[in-house]
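Residues per chain are reported as follows:
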Amino acid sequence: MSKPRDDRQKDLLLPALDQIIDMGHPLVRLATLIDWKFLGDRFGSVCQTGPGQPGLPTRLVAGLFILKHMHNLSDEVLCARWIENPYYQYFCGELSFCHRLPFDRSSMTRWRQRLGEEQLVALIQGSLSVAHKTGAIGPKDVERVAVDSTVQPKAVAHSTITKLVELAKRNRVPLRESHLRLAKRAAIMVGRCTRAHQFKRARRQLKFLRTRLGRIIRDIRRKIDGDVVLQARFGSLLDLAQRVRTQDQHQRGPKVYALHAPEVECIGNGKAPAPYEFGCKVSIATPVTSPKGGQFVLHAKALHGNPFDGHTLGPVVADMEKLTGVETRRGHNHPHRFRVWISGQVRRVTASIRREMKRRAAVEPVIGHVKAEHRMDRNYLKGRVGDCINAVLAAAGHNFGLLLRWLAELLRAVIRALAETVSAQNIA
């Protein structure tokens with residue numbers, strides 16, 4: 001694929017977008033403040049100059065990613081709303097109103113895979129740049145930060161038996177018995193018995209599931225014996241299924257919790273409603289201060305392997321300094337003035353540090369908003385790369401959502417000031 005180019009022009013037979021929308025709308029003002037050239041250079045760097053059809057305009061791709069995570073939309077819903085909403089089209093760089101999608105829905109998946117986490121971080125940089133331009137955040141707000149970690153759950157609702165049976169049906173491999181109905185009932189009973197602390201009954205149901213899984217594995221291996229093509233299709237899935245069947249609760253080393261997402265980790269958070277979550281750990285950094293535009297996310301990164309939080313501070317803050325361009329004053333393992341302050345610390349804690357320590361919990365509502373409103377509560381992207389991409393896009397969506405509200409407040413403040421000026425002139 002050759003380098004993307006944006007050669008869109010106004011269509012004389014279609015209405016111009018700047019004639020049918022409110023140019024003072026916050027989304028329109030946000031579109032004028034974003035440095036699309038910077039995003040275009042970063043996104044276009046993954047494509048090579050040469051023959052082939054040029055890719056989608058980089059402003060269209062970046063705008064779609066921002067709108068998707070800013071408004072918590074799936075790819076399908078975003079495509080449907082993009083056709084209906086002229087503000088979405090203007091934000092993505094269209095000049096005339098489009099009645100059909102100029103791209104395929106699968107293009108978003110291919111662009112995510114093509115860009116990766118390294119290039120998509122530019123969206124967070126772009127959001128912070130707009131925040132500095134509009135006064136929503138200042139340089140001092142980036143010097144002292146609060147870093148915390150959370151769990152990004154993965155969409156792992158399918159059981160092992162279900163995946164094996166579905167693959168057998170797609171490849172027309174007849175099974176003696178699917179065990180789907182019994183396996184579903186047994187899986188439900190495992191959860192209920194564990195919740196009620198009836199562990200003997202739960203172990204009995206788990207033994208039942210292992211027995212049925214072993215039958216399906218042996219049945220499939222008998223049916224595909226001698227067929228090289230089917231053995232290649234079923235090989236990796238059968239190996240994972242065998243690991244699921246033989247793994248034990250107390251065994252050391254990584255375990256398999258889902259066949260379609262073997263990278264998922266079991267992370268204990270110590271909370272009564274959900275003591276364990278299945279996904280990966282994500283680090284979130286926000287200002288300790290209270291910026292005018294809200295608590296922006298300065299850095300977001302998926303951390304695989306369930307590392308200890310204290311061991312991640314050094315790399316996280318180094319990446320954040322590279323992203324923001326401002327040196328952080330407090331952190332961990334820094335040769336000069338880089339220091340971490342934790343709750344309960346007494347030595348060398350001054351009055352100003354105590355005041356800042358009271359603000360350390362400001363990262364918690366930010367994590368809640370990013371997970372509930374910007375698609376980090378359930379990650380549907382594939383693999384470890386999908387975990388990293390979803391964390392970065394969710395953080396960028398949160399920042400652009402704050403900017404949208406900040407621009408709306410500025411517009412209301414300007415209108416209010418104009419109204420007061422006119423009323424004062426009329427009184428005079």
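Scroll up a little and you will see the structure.
Residues numbered from 1 in each chain as written. Predicted model: local features only at pLDDT ≥ 70, side-chain atom pairs only at ≥ 80, totals over all residues. Heavy atoms only, no water.

Some remarks on the packing of helix α8 (residues 160-170) against helix α10 (residues 199-223)
Alright, step 1. One can describe the packing of α8 onto α10 by two numbers: an axis separation of 10 Å at closest approach and a directional angle of 20°. Relative to α10, α8 is oriented roughly parallel. In the crossing of α8 with α10, the sense of the turn from one axis to the other is left-handed. Contacts between α8 and α10 pair Thr160, Ile161, Leu164 and Val165 from the former with Leu209, Arg212, Leu213, Ile216, Ile217 and Ile220 from the latter. (Axes fitted to C-alpha atoms, helices over the stretch in contact; angles between N-to-C directions. Helix = DSSP H or I, 4+ residues; strand = E, 2+ residues; numbered from the N terminus. Parallel < 35°, antiparallel > 145°, perpendicular 65-115°, else oblique. Left-handed = near helix turned anticlockwise from the far one by under 90°. Contact = heavy atoms within 4.5 Å.)

Things to note about helix α11 (residues 228-246)
Alright, step 1. When the terminal C-alpha atoms of α11 are compared, their 26 Å separation across 19 residues agrees well with the 27 Å that a helix rising 1.5 Å per residue should span.
Alright, step 2. Along α11, the helix axis deviates most sharply at Phe234, where the bend reaches about 45°.
Alright, step 3. Within α11, burial applies to Leu230, Phe234, Gly235, Leu237, Leu238, Leu240, Ala241 and Val244.
Alright, step 4. Summarising the contacts, the buried residues of α11 are in contact with α8 and α10.
Alright, step 5. Where α11 begins, one side-chain oxygen reaches toward the backbone nitrogen of Val229, 3.2 Å away; that side chain belongs to Asp227. (Expected span 1.5 Å × (residues − 1). Bend = angle between axes of the 7 residues up to and from the residue. Buried < 20%, exposed > 50% of the residue type's maximum accessible area, 1.4 Å probe, protein only. Polar contact = N/O pair within 3.5 Å; in protein donor to acceptor, adjacent residues only side chain to side chain.)

What about the nonpolar core?
Alright, step 1. Ranked by size, the top nonpolar core spans 75 residues in total, and within it Leu30, Ile34, Phe65, Phe91, Leu120 and Leu123 carry the most contacts.
Alright, step 2. Among the elements that make up this core, the one with the highest residue count is helix α15 (residues 383-427) (14 residues).
Alright, step 3. Excluding residues that lie within four positions of it along the chain, Leu30 makes contacts with Phe91, Val130, Phe400, Leu403, Leu404 and Leu407.
Alright, step 4. Membership of the second largest hydrophobic core comes to 24 residues, among which are Leu167, Ala168, Leu209 and Ile220. (Core = buried A, V, L, I, M, F, W, Y, C linked by side-chain atoms within 4.5 Å.)

A look at the pattern of salt bridges
Alright, step 1. Tallied over the entire structure, the rule returns 12 salt bridges.
Alright, step 2. For Asp41, the salt bridge identified is with Lys37, shortest N-O distance 3.3 Å. Here the residue Asp41 and the residue Lys37 both occupy positions in helix α3 (residues 36-44), the gap between them amounting to 4 residues, near one helical turn.
Alright, step 3. Taking the relative accessible area as the measure of exposure, Lys37 reaches 60% and is therefore exposed.
Alright, step 4. A single salt-bridge network, built from bridges that share partners, covers Asp6, Arg8 and Glu94. (Salt bridge = Lys/Arg side-chain N within 4 Å of Asp/Glu carboxyl O.)

A few points about a positive patch on the surface
Alright, step 1. Positive charge collects at one region of the surface, where Lys200, Arg201, Arg203 and Arg204 lie side by side.
Alright, step 2. Note on placement: Arg203 falls in helix α10.
Alright, step 3. Take Arg203: its relative accessible area is 53%, and that puts it in the exposed class. (Patch = residues over 30% accessible without salt bridge, like charges linked within 9 Å, V, L, I, M, F, W, Y side chains within 5 Å. Areas by Shrake-Rupley, 256 points an atom, 1.4 Å probe, with all protein chains shown as cover. Lys, Arg positive; Asp, Glu negative; His and termini not counted. Charge placed at Lys NZ, Arg CZ, Asp CG, Glu CD.)

Quick look at the side chain of Asp219
Alright, step 1. Relative to the elements of secondary structure, Asp219 occurs in helix α10.
Alright, step 2. Apart from the residues lying within four places of it in its own chain, the contact partners of Asp219 are Leu175, Arg176 and Glu177.

A closer look at the pairing of strand β4 (residues 299-303)
Alright, step 1. Counting buried positions along β4 gives 4 out of 5 residues, so the element sits mostly inside the fold.
Alright, step 2. Where strand β3 (residues 276-287) and β4 come together, 5 bridges link them in antiparallel fashion. Note that in β4 the partner of Lys281 across the bridge is Leu303. (Pairing = 2+ DSSP bridges.)

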